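# Coordinates in review
Here's the letter readout for the chains.
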Amino acid sequence: MKFSLAVYSAPHSSQAAASALRFARALLREGHQLYRVFFYCDGVHNGSSLSAPPQDETDLLAGWQALQQQHQLDLVVCIAAAQRRGVLSDSEASRLEKPAANLAAGFELAGLGQLADAVAQSDRLVTFGG
Amino acid sequence: MTKRILALCRQAPYGNALAREGLEAVLAAAAMDQVADLLFCGDGVFQLLPEQSPAGIGQKSLQRNLQALPLFGVEQAYVCTKSLAQRGLDLEALSQGQLPLVPVDDSAALIATYDSVLSF
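For the structure given in this document, a descriptive report is provided here. (Residues numbered from 1 in each chain as written. Chains lettered and ligands numbered in written order. Predicted model: local features only at pLDDT ≥ 70, side-chain atom pairs only at ≥ 80, totals over all residues.)

## Section: the overall build of chain A
Applied cut-off: Numbered from the N terminus, helices here are DSSP runs of H or I no shorter than four residues, and strands are runs of E no shorter than two. As defined in this context, the radius of gyration uses C-alpha atoms, and a globule is described by 2.2 Å times the residue total to the power 0.38. To sort residues by burial, count the other C-beta atoms lying within 10 Å of each one's C-beta; a count of 20 or more means buried, 12 or fewer means exposed, and anything in between means partly exposed. C-beta atoms are built from the backbone. Residue pairs are scored as contacts if the distance between their C-beta atoms, which are placed from the backbone, is within 7 Å.
A count of helices and strands for chain A gives five helices and five strands. Along chain A, helices and strands appear, N-terminal first, in the series β-α-β-α-β-α-α-β-α-β. A compact globule built from 130 residues should have a C-alpha radius of gyration of about 14 Å, and chain A, at 14 Å, falls within 12% of that. Across its three principal directions, the C-alpha atoms of chain A cover 45 × 40 × 25 Å. By residue count, 44% of the 130 residues in chain A fall in the buried class. Counted over contacts in chain A with a minimum sequence separation of 6, partners at least 24 positions apart contribute 78%.

## Details of the sheet that holds strand 2 (residues 33-39) of chain A
Residue and element names in this part refer to chain A. Stated precisely, the cut-off is as follows: At least two bridges found by DSSP between two strands is the condition for calling them paired. Lines fitted to C-alpha atoms define the axes here, with helix axes fitted over just the stretch in contact, and angles between the N-to-C directions of these axes take values from 0 to 180 degrees.
A sheet is described by the order of its strands in space; here five strands give the open sequence 4-3-2-1-5, paired in parallel fashion. In the strand order of this sheet, the two ends are held by strand 4 (107-110) and strand 5 (124-128), each with one partner. Neighbour-to-neighbour, the strand axes of the sheet open up by a mean angle of 25°, direction not taken into account. Strand contacts of helix 1 (residues 16-29): strand 1 (2-7), strand 2 and strand 5, with the helix running at about 170° to strand 1, the strand carrying the most contacts.

## What about the interface of chain A and chain B?
Rule in force here: Under this grouping Gly is polar, as are all residues other than the nonpolar Ala, Val, Leu, Ile, Met, Phe, Trp, Tyr, Cys and Pro and the charged Asp, Glu, Lys and Arg.
Tallying the contact residues gives 14 residues for chain A and 15 residues for chain B. For the side of chain A that touches chain B, the secondary-structure elements that each account for two or more residues are helix 5 (113-121) and strand 5 of chain A. At five residues, the largest contribution of residues to the side of chain A that touches chain B is made by helix 5 of chain A. Classifying every residue of the side of chain A that touches chain B by side-chain character gives ten nonpolar, four polar and no charged.

## Some details on the pairing of strand 3 (residues 77-80) of chain B
Residues and elements named next belong to chain B. Keep this limit in mind: A crossover gets the label right-handed when its path from the first strand over the helix to the second runs clockwise, viewed with the strands pointing away from the viewer.
Because side chains alternate across strand 3, one face comprises the buried residues Ala 77 and Val 79, and the other comprises Tyr 78 and Cys 80, equally buried. In this sheet, strand 3 lies alongside strand 2 (residues 37-40) in parallel orientation, the contact comprising three bridges. In the sheet register, Leu 39 faces strand 3, and the bridge partner there is Tyr 78. Of the crossover connections in this fold, the one passing from strand 2 over helix 2 (residues 63-68) to the parallel strand 3 is right-handed. Where strand 3 and strand 4 (residues 101-104) come together, four bridges link them in parallel fashion.

## Some remarks on the sheet that holds strand 5 (residues 116-119) of chain B
Residues and elements named next belong to chain B. If you walk across this open sheet you meet the five strands as 4-3-2-1-5, and the pairing is parallel. Of all the strands in the sheet, the pair left with one neighbour each is strand 4 and strand 5. Each strand of the sheet is rotated relative to its neighbour by a mean of 25°, with strand direction disregarded. Note that strand 1 (residues 5-9) and strand 5 share four bridges and pair parallel. Its bridge partner being in strand 5, Leu 6 is matched across the sheet by Val 117.

## Focus on unusual backbone geometry
Residues and elements named next belong to chain A. In the Ramachandran plot, Gln 72 falls in the positive-phi region, its phi being about 50° despite a non-glycine side chain. By the secondary structure assignment, Gln 72 is in the loop between helix 2 (60-71) and strand 3 (75-78). Taking the C-beta count within 10 Å as the criterion, Gln 72 has 9 such neighbours and is therefore assigned exposed. Of note, the phi angle at Glu 97 is positive, near 55°, even though the residue is not glycine. Residue position: Glu 97 is located in the loop between helix 4 (90-95) and strand 4.

## What about the environment of Asn 102 of chain A?
Residue and element names in this part refer to chain A. Secondary-structure assignment places Asn 102 in the loop between helix 4 and strand 4. Under the C-beta neighbour-count criterion, Asn 102 is labelled partly exposed, with 18 such atoms within 10 Å. With 65 residues separating them along the chain, Asn 102 and Val 37 place their C-alpha atoms 19 Å apart. Excluding anything up to four places from it in sequence, Asn 102 contacts Ser 48, Ser 49, Leu 50, Val 87 and Leu 88.

Okay, here's the thing in structure tokens:
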């Protein structure tokens, strides 16, 4: 079955972001397809390369990046929600004249159309957080 | 076959960004010819109250987003009557703008008729 996930919660604030990662791993392990993960609202913070949790806590960013490399996942961060919350790619940071960029490797910024497309293309959309 | 999509609007209008960003997602999908139906439930029914003036707390009004829905092909919105009753509201108390509101007693039955559900 073809899945897409929508993630609305920041990492380390609620269990939702961690549950999304575990659900993604589980469905891929079961042989399902993951069409896209769309990070929206506070979920855009999952795409920040600057998170640095203590060593005895789960590093969600490393988890997403490992899964992305292994399965060539489409990890999309909503560009409008990300601009509001300070998650910027190199090109957005220079366009908006901000001092730094922090979009993590393996993630990309794109518009809300990618959420609509994920709904259209997937058998199931599963939402985490909000 | 085009999928039937329902967007749940569950959040009060200014306490959580999901209220605004949910409506923005609905409008973006509609601009791509994927028109979702809307169901206002839980605290989401507060989004429909008239005469909101959120400028006092430094917020933009959601009413403009709601009024834009018909321009994008959203012809009506469902409202959960249980959620209204729990909050001491009725349909007459809500803003009757260009978006006709349809009361729904059994939200679960309505949700079950859709192919995909966006939850905001």
